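# A look at the structure
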Amino acid sequence: MELQGELGQRLSDAEQAAVDYINKQRCIINLLSIEDVATGAFVSNATVSRAIRKCGFSSFSEMKFRLSEEQKTNRQSSEMNRILSKSYRECVETVKRIDIPSVIAAARMIREARTVYLLANGLTALIAEEFALQLQCQHIAVCLISDSEMMKKLDLLSTERDLILILSVKNSTPELAIGARLGKKQGASVVSCCCMQGTALDEVSDLCIYGYTQSIYPNRFFGGTSRLGLQIITRTLIEYLVSEDETAEN
């Protein structure tokens, strides 16, 4: 908000100079004193006080407080818009990258598998847990594996009738690709959902569905990488499976 005289309050040239100076310096107004404004506008302290009253403030302190609060609100709104724009970009980019025929094929493979071995680790395993529950609600047999050592023993679990479905942001865990290779040796099919192309998962997967990710906040434990892309992919798969069931019933 810019300072201006209230309706019916005509500002003199000197008072207008004081108001113009305040408007130019409002981003740092909380650091200025009335003397600073008077000096900067080449007017007296009394002129600054009169100008402020004509703009609807009872004192210089009240004006500083209200303008500072406005600046704080503007900064908060700007930061919120920046955060939301990142989420928007992740959604848009993921939707662009999802290959519809691949989703349809993956849904068919999930439905036809004897058991879906769902591989994920770290925070991605939390997304996998929800996905596994949703698959189970569709009467699909799911075995969630988030332990790296168990991934290295998939050749003892999987058969040619099974599907290995991998969720990974950047495939930074080697055991994911190792598990996929072991399962593939037993004849299992492999579908990977990843937010990065060109990883080792591409080489061992029968089908790849790609999303988009970016860093969202500094986190020295888990890297602060968004998994929104994976959530969109898993939601898309579930909704398609549900729609297939509803179509079949009708």
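Residues numbered from 1 in each chain as written. Predicted model: local features only at pLDDT ≥ 70, side-chain atom pairs only at ≥ 80, totals over all residues. Heavy atoms only, no water.

## Observations regarding the layout of surface pockets
Each pocket or cavity is described by its volume, and for the largest pocket that value is around 210 Å³. Contributing to the lining of the largest pocket are 15 residues, with Thr-124, Val-169, Lys-170, Ser-172 and Arg-227 lying nearest its centre. Residues of the lining of the largest pocket, tallied by class, amount to five nonpolar, eight polar and two charged. (1 Å grid on protein atoms, 1.4 Å probe; cavity = no way out; pocket = protein on both sides within 12 Å on 5 of 7 lines; lining within 4 Å. Points joined across faces, edges and corners; volume = space filled by probe spheres on them. Nonpolar A, V, L, I, M, F, W, Y, C, P; charged D, E, K, R; others polar.)

## Some points on unusual backbone geometry
Phi is positive for His-139, which is not a glycine, with a value near 60°. Relative to the helices and strands, His-139 is located in the loop between helix 6 (124-137) and strand 2 (142-145). Despite not being glycine, Asn-171 has its phi angle at roughly 55°, a positive value. The topology assignment puts Asn-171 in the loop between strand 3 (163-168) and helix 8 (174-185). Here Asn-171 falls in the buried class, since its relative accessible area comes to 13%. (Helix = DSSP H or I, 4+ residues; strand = E, 2+ residues; numbered from the N terminus. Buried < 20%, exposed > 50% of the residue type's maximum accessible area, 1.4 Å probe, protein only.)

## Side note on the pattern of salt bridges
By the definition in use, this model includes nine salt bridges. The partner of Glu-149 in a salt bridge is Lys-152, and the shortest N-O contact between them spans 3.1 Å. For Lys-152, a relative accessible area of 34% translates into the label partly exposed. Residue Arg-235 pairs with Glu-239 through a salt bridge whose shortest N-O separation is 2.7 Å. Highlighted residues: Arg-235 and Glu-239, both in helix 10 (residues 228-249), separated by four residues, approximately one helical turn. Its relative accessible area of 45% is what places Glu-239 among the partly exposed residues. (Salt bridge = Lys/Arg side-chain N within 4 Å of Asp/Glu carboxyl O.)

## Section: helix 8
Helix length check: helix 8, at 12 residues, gives a terminal C-alpha distance of 17 Å against a target of 16 Å (1.5 Å per residue), a fit within 8%. Within helix 8, burial applies to Glu-175, Leu-176, Ala-177, Gly-179, Ala-180, Leu-182 and Gly-183. Two residues or fewer after helix 8 comes Gly-187, characterised by a positive phi angle close to 95°. (Expected span 1.5 Å × (residues − 1).)

## Let's talk about the state of the cysteines
Applying the stated rule across the entire model yields zero disulfides. Looking at Cys-91, it has no disulfide partner, and the nearest cysteine sulfur is the one in Cys-195, 12 Å off. We classify Cys-91 as partly exposed; its relative accessible area is 29%. Take Cys-195: it sits in no disulfide, and the sulfur closest to it among the cysteines is that of Cys-194, at 6.3 Å. Take Cys-195: its relative accessible area is 7%, and that puts it in the buried class. (Disulfide = S-S within 2.5 Å.)

## Side note on the side chain of Ser-102
With respect to the element layout, Ser-102 can be found in helix 5 (residues 100-112). The class for Ser-102 is buried, based on a relative accessible area of 10%. Discounting chain neighbours no more than four positions away, the residues touching Ser-102 are Leu-207, Cys-208 and Ile-209. (Contact = heavy atoms within 4.5 Å.)

## Section: a nonpolar patch on the surface
A contiguous nonpolar surface patch, about 280 Å² in accessible area, is contributed by Met-80, Ile-83 and Leu-84. Among the structural elements, Leu-84 can be located in helix 4 (residues 60-97). A relative accessible area of 49% places Leu-84 in the partly exposed class. (Patch = residues over 30% accessible without salt bridge, like charges linked within 9 Å, V, L, I, M, F, W, Y side chains within 5 Å. Areas by Shrake-Rupley, 256 points an atom, 1.4 Å probe, with all protein chains shown as cover.)

## Side note on the nonpolar core
In globular proteins that are soluble, nonpolar side chains generally tend to be buried together. The biggest cluster of nonpolar side chains holds 33 residues, and the ones touching the most others in it are Ile-110, Leu-118, Phe-131, Leu-135, Leu-165, Leu-167 and Leu-237. Residue assignment for this core shows that the elements contributing at least two residues are helix 5, strand 1 (116-119), helix 6, strand 3, strand 4 (189-194), strand 5 (207-210) and helix 10. Once residues lying within four places of it in the same chain are set aside, the contact partners of Phe-131 are Leu-118, Leu-165, Leu-167, Thr-234, Leu-237 and Ile-238. One finds Ile-34, Ala-38, Val-43 and Leu-67 within the second-largest nonpolar core, a separate group that totals 21 residues. (Core = buried A, V, L, I, M, F, W, Y, C linked by side-chain atoms within 4.5 Å.)

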